[in-house]
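Spelled out, the chains give:
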Amino acid sequence: MNQPYPTIGLTPVAASLEHEQEQAIYEVRQKIYPRAVHGWFAGWRVFFVILTQLIFYGLPWLEWNGRQAVLFDLAARKFYIFGLVFWPQDFIYLAVLLILSAMSLFLFTAVAGRLWCGYACPQTVYTEMFLWIERKIEGDRPVRIRLDAGPFSLQKLAVKSTKHALWIALALWTGFTFVGYFTPIKTLAAEVTSLGLGPWETFWILFYGVATYGNAGWMREQVCKYMCPYARFQSAMFDRDTLTITYDTTRGEPRGPRSKRIDRHAAGLGDCVDCHICVQVCPVGIDIRKGLQYECIGCAACVDGCDQVMDRMGYPKGLIRYTTENALARGYDTKAMWKRVFRPRIVIYAGILLAIFAVTAGSLAMRNPLKVDVIRDRGALAREAAPGVIENVYRLQVMNTDESPRRYTIEAVGLPGISVVGVEQPLVLGPVTTRLFPLRLQVPLEMRHGADHELENAGTHDDERNALEPGTHKIEFIVRAVDDDKVVRHEKSSFIIPR
Ligand code: SF4
Ligand code: SF4
């Protein structure tokens, strides 16, 4: 008999096992035809689809202060979010946002598993939208299965073309909206209608559109199963008091079909009628009755599907439900289960999250709209500008993050007689502008002796009196808004007195 695979160094049994493993790894994907489902959790999923997409598609069209309310202007390196303008120097807020997102994910996952995946993840949301179009055009699960299995026909071609045309339109609109967060969307729309799109804008609209079409239309559950790293490490955040979607084996088994009229207990049956509705509605095609599996995205479609069956059978709902491992094992009632859900770990996560949020909100509310960077001119460190006058050269980068123009004064302190020269005061900065101001600081050397004398008379210490000795001295720039004393920046720098 021909060996279909090499067996070098392997017994036939071992080789057969190797072959089976190989087959399992490269198993051809079975297309999933999720059945439509209605119910409490399906309602929440629809709610989150509408909410997230109203925000995503709507936000770029909102105006604020005569500009796009939310715009990430990469070219100008400014991020506008309603009344706030972020600069590269505000990178800390991005770090805080990432920390807040990670902490929220930990919190929600510890409370109720993959809530994010099931209700708000873009992959879930777009798959829901694409599935909705598919159902409207092709029909529900049995019709779609029959259509795919049937021979080619003009009607099939028309149905499939319509579906794909709608998918592509939605994907391109999504790509357009995405790019509209980085390029003013009204300009982008005008460029699209006049066929004047730039090459990068065209590339990103198509790239994001193709990604949406491919992920939500074709890849679907494979993105969650094979590409998303979150599915792999989520179990590390679960414990025995985490709410997960679980099939109640004690109540459901032994499963089996039966007439609605028979007494299931007398017939020795559990509540599961083995109708497979929970499998048919599952977007990742798993059977939750086999226990918690990493593929489960926690969408609760099986909960709604099974509840409908329980209703029809006249059995209590909740054969598949959100519950915890401890609640099932120890038979907790709902109150006891929820009490344990809010365990110390959750309280700590929530406390940290609230604290970071409060500090960030406070810091944003009290954000100083003036930023100053002092840059020493290394080409001309120190020189004698006039007999007895030492001069150092600087450049001050002044940023006005306010959306109204501002005027500022600059002064320097830290050395006797120090003065700012070479810059016209007040500095005038337009709204949301940064400008570089070259300037010089001058210290009259004769002040050294005068100052020493004054300091001696005032009874000051030796180290203060020696502050003007040759070497590097600490000084401070004070930049202050003319119209608002509270808008002020103190920036430390140094002044060099040569030998
Ligand atoms: S098993 Fe249930 S909760 Fe998990 S993905 Fe399938 S339908 Fe959703
Ligand atoms: S939907 Fe409910 S009754 Fe039907 S097979 Fe699934 S668990 Fe059993």
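Predicted model only: the values in this text are computed from it and were never measured.

Asks: Report on the overall build of the chain, specifying residues and quantitative values.
Replies: Scanning the chain from terminus to terminus reveals 19 helices and 16 strands. In the chain, the share of contacts with a sequence separation of at least 24, taken over all contacts with a separation of at least 6, comes to 67%. Looking at the chain as shown, the accessible area adds up to about 27,900 Å², and 64% of this sits on carbon and sulfur atoms.

Asks: Describe the site of ligand 2, with residues and values.
Replies: The full set close to ligand 2 counts 13 residues, and C272, C275, H276, C278 and C306 are the nearest of them. Looking at the shell around ligand 2 residue by residue, the class counts come to 10 nonpolar, one polar and two charged.

Asks: Residue-level account of the sheet that holds strand 15 (residues 471-481), with values.
Replies: Strand order in the open sheet formed by four strands is 13-11-15-16, with antiparallel pairing between adjacent strands. The two strands at the open ends of the sheet, each matched to only one other strand, are strand 13 (427-429) and strand 16 (488-497). For this sheet, the mean inter-axis angle between neighbouring strands, taken without regard to orientation, is 30°. Judged from the three bridges that link them, strand 11 (residues 406-413) and strand 13 form a sheet pairing that is antiparallel.

Asks: Give me the site of ligand 1: which residues, what numbers.
Replies: The immediate surroundings of ligand 1 are formed by 13 residues, with C282, C296, C299, A300 and C302 found nearest. Residue classes in the shell around ligand 1 are distributed as 12 nonpolar, one polar and no charged.

Asks: With reference to specific residues and values, describe the sheet that holds strand 4 (residues 78-81).
Replies: Spatially, 3-4-5 is the arrangement adopted by the three strands of the open sheet, whose pairing is antiparallel. This sheet does not close on itself; its edge strands, each paired only once, are strand 3 (70-73) and strand 5 (84-86). Averaged over all pairs of adjacent strands, the angle between strand axes in this sheet comes to 15°, irrespective of strand direction.

Asks: Give me the side chain of Q222: which residues, what numbers.
Replies: On the secondary structure map, Q222 appears in helix 10 (residues 221-227). Residue Q222 is classed as buried on the basis of its relative accessible area, which comes to 19%.

Asks: Any chance you could break down the pattern of salt bridges for me, citing the residues and the numbers?
Replies: Within the structure shown, the criterion is met by 32 salt bridges. Note that R45 and E128 form a salt bridge whose closest N and O atoms lie 3.1 Å from each other. Placement of the pair is R45 in helix 2 (residues 40-58) and E128 in helix 5 (residues 122-138), with a sequence separation of 83 residues. E128 gets classed as partly exposed once you look at its relative accessible area, which sits at 26%.

Asks: Summarise the packing of aromatic side chains; cite the residues concerned and give the values.
Replies: Enumeration according to the criterion identifies 26 aromatic pairs in this entry. Ring geometry for F130 and W167: centres 5.3 Å apart, planes at 35°, overall tilted. With a gap of 37 residues between them, F130 in helix 5 and W167 in helix 7 (residues 154-179) connect regions that are remote in the sequence. Neither F130 nor W167 differs from the other in exposure class; each is buried. Through a chain of ring-to-ring contacts, three or more aromatic side chains come together here, namely F56, Y57, F72, F79, F178, Y181, F182 and Y208. One residue, R264, lies across the ring of Y315, its end atom 3.8 Å from the ring centre.

Asks: Residue-level account of a nonpolar patch on the surface, with values.
Replies: A cluster of nonpolar side chains, contributed by W40, W44, F47, L51 and I55, occupies part of the molecular surface with about 530 Å² of accessible area. In this structure, W40 sits in helix 2. On the basis of relative accessible area, W40 is assigned to the exposed category, the value being 60%.

Asks: Lay out the environment of T401 in plain terms, naming residues and giving numbers.
Replies: Locating T401 in the fold gives a position in the loop between strand 10 (389-400) and strand 11. Between the C-alpha atoms of T401 and L84, which are 317 residues apart in sequence, the distance is 8.4 Å. Excluding residues within four positions of it along the chain, T401 makes contact with V85, W87, N368, P369, L370, K371 and V432.

Asks: For the nonpolar core, give the residues involved together with the corresponding values.
Replies: Grouped burial of nonpolar side chains is what soluble globular proteins tend to show. With 48 residues, the main nonpolar core has I245, A300, C302, V303, I320 and Y322 as its most contacted residues. Every residue in contact with C302, bar those within four places of it in the chain, is listed here: I245, C278, V281, I288 and I320. Of all hydrophobic cores here, the second largest spans 26 residues; its members include V398, I410, L439 and I497.

Asks: Please provide a residue-by-residue account of the pairing of strand 16, values included.
Replies: Sheet analysis places strand 15 next to strand 16, joined by 10 bridges and oriented antiparallel. Within the sheet, the bridge partner assigned to I475 lies in strand 16 and is S493. In textbook terms, the turn of a hairpin is the stretch between consecutive antiparallel strands, and for strand 15 and strand 16 this stretch comprises six residues.

Asks: Go over the side chain of Q280 with me, naming the residues and quoting the values.
Replies: Note that Q280 resides in helix 13 (residues 277-280). Judged by its relative accessible area of 19%, Q280 falls in the buried class. Side chain to side chain, Q280 and R35 meet in a polar contact 2.7 Å long. Apart from residues lying up to four places away in sequence, Q280 is in contact with Y33, P34, R35, R141 and C275.

Asks: Outline unusual backbone geometry, supporting the account with residue identities and numerical values.
Replies: Residue P254 is bonded to the preceding E253 through a cis peptide linkage, with omega at -10°. The topology assignment puts P254 in the loop between helix 12 (249-252) and helix 13. The linkage connecting Q425 with the following residue, P426, adopts the cis geometry, with an omega of -5°. Turning to its location among the elements, P426 is positioned in the loop between strand 12 (419-421) and strand 13. Unusually for a residue other than glycine, D274 sits at a positive phi of about 55°. Despite not being glycine, H276 shows a phi value in the positive range, around 70°. Structurally, the position occupied by H276 is in the loop between helix 12 and helix 13.

Asks: Lay out helix 5 in plain terms, naming residues and giving numbers.
Replies: In this model, helix 5 (17 residues) spans 23 Å end to end at C-alpha, consistent with the 24 Å of a helix rising 1.5 Å per residue. Listed in full, the buried residues belonging to helix 5 are Q123, T124, V125, Y126, T127, M129, F130, L131, I133, E134 and E138. Where the residues of helix 5 are buried, they touch helix 2, helix 4 (115-120), helix 6 (141-149), helix 7, helix 9 (199-219) and helix 10. At the C-terminal side of helix 5, G139 shows a positive phi close to 110°.

Rules used throughout
- Residues numbered from 1 in each chain as written.
- Chains lettered and ligands numbered in written order.
- Predicted model: local features only at pLDDT ≥ 70, side-chain atom pairs only at ≥ 80, totals over all residues.
- Heavy atoms only, no water.
- Helix = DSSP H or I, 4+ residues; strand = E, 2+ residues; numbered from the N terminus.
- Contact = heavy atoms within 4.5 Å.
- Areas by Shrake-Rupley, 256 points an atom, 1.4 Å probe, with all protein chains shown as cover.
- Near = heavy atom within 4 Å.
- Nonpolar A, V, L, I, M, F, W, Y, C, P; charged D, E, K, R; others polar.
- Pairing = 2+ DSSP bridges.
- Axes fitted to C-alpha atoms, helices over the stretch in contact; angles between N-to-C directions.
- Buried < 20%, exposed > 50% of the residue type's maximum accessible area, 1.4 Å probe, protein only.
- Salt bridge = Lys/Arg side-chain N within 4 Å of Asp/Glu carboxyl O.
- Phe/Tyr/Trp six-rings, centres within 6.5 Å; stacked < 30°, edge-to-face > 60°.
- Lys NZ or Arg CZ within 6 Å of the ring centre and 35° of its normal.
- Patch = residues over 30% accessible without salt bridge, like charges linked within 9 Å, V, L, I, M, F, W, Y side chains within 5 Å.
- Core = buried A, V, L, I, M, F, W, Y, C linked by side-chain atoms within 4.5 Å.
- Polar contact = N/O pair within 3.5 Å; in protein donor to acceptor, adjacent residues only side chain to side chain.
- Expected span 1.5 Å × (residues − 1).

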